[in-house]
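Structural overview
Given next are the chains, with one letter for each unit.
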Amino acid sequence: MTNTPVNYERLRKRYRPRVLRLLFIGESRPAGGTFFYAADSNLFFHTQSAFGGAYGDRLPQGVQFLNFFKSAGCYLEDLCLEPVNRLPPTPRRVAHHAATGPLAERIGSRRPGTIVVVGLGRSLRSCIGKALKLANLEDVPRFELPFPAMSHQPRYLSELSALIEELRAKGILP
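This report concerns the structure included in the present document. Predicted model only: the values in this text are computed from it and were never measured.

Describing unusual backbone geometry
Despite not being glycine, Ala39 shows a phi value in the positive range, around 60°. Along the chain, Ala39 turns up in the loop between β1 (22-26) and α2 (42-55). Despite not being glycine, Asn136 shows a phi value in the positive range, around 60°. Looking at the secondary structure, you find Asn136 in the loop between α5 (122-134) and β4 (142-145). Looking at Asn136, the relative accessible area reads 58%, which means it is exposed.

This is the structure:
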């Protein structure tokens, strides 16, 4: 049996919605080999849990959640397409800056209703802000949440659940 390498971007694009209501932007896929769109990363599990807090028991689980996420108009894009979470600080910041223009190109043709930046690092937030400006998306409502790790999970869950409920009440999410 041969281990075929995962084409992460092909997998991501499989779940890209036609109408983008809620765009999540993270730093990068994890260096450990997990991936949101493989339904096996910390971000996946905590995002699914936050949606469960807003949608309740009828929310599908696992890979079926990804289909729900797509049908609801939600999508996760990353600033960097290659993992950067294990890089030392300076190379990580360099990677963030190098990825700013490419991110703007990837999201520039989309017009999300709301943007959620996942991660509170100064370099990450700054580069995503620049990408949004380059993509003419700086007027889109934007929320910043911590990455759900290192004791930030409760805040991520509560703030994302509240945002989802607010977007549902406004008719932005189904």
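Further notes follow.
Observations regarding the layout of surface pockets
For the largest pocket, the calculated volume is near 760 Å³. Lining the largest pocket are 30 residues, with Glu27, Asn85, Arg92, Gly119 and Phe147 sitting closest to its centre. Elements with a contribution of two residues or more to the lining of the largest pocket: α2, β2 (74-78), α4 (89-107) and α5. Here the element with the most residues in the lining of the largest pocket is α4; it accounts for four residues.

Quick notes on the rules
Residues numbered from 1 in each chain as written. Predicted model: local features only at pLDDT ≥ 70, side-chain atom pairs only at ≥ 80, totals over all residues. Heavy atoms only, no water. Helix = DSSP H or I, 4+ residues; strand = E, 2+ residues; numbered from the N terminus. Buried < 20%, exposed > 50% of the residue type's maximum accessible area, 1.4 Å probe, protein only. 1 Å grid on protein atoms, 1.4 Å probe; cavity = no way out; pocket = protein on both sides within 12 Å on 5 of 7 lines; lining within 4 Å. Points joined across faces, edges and corners; volume = space filled by probe spheres on them.

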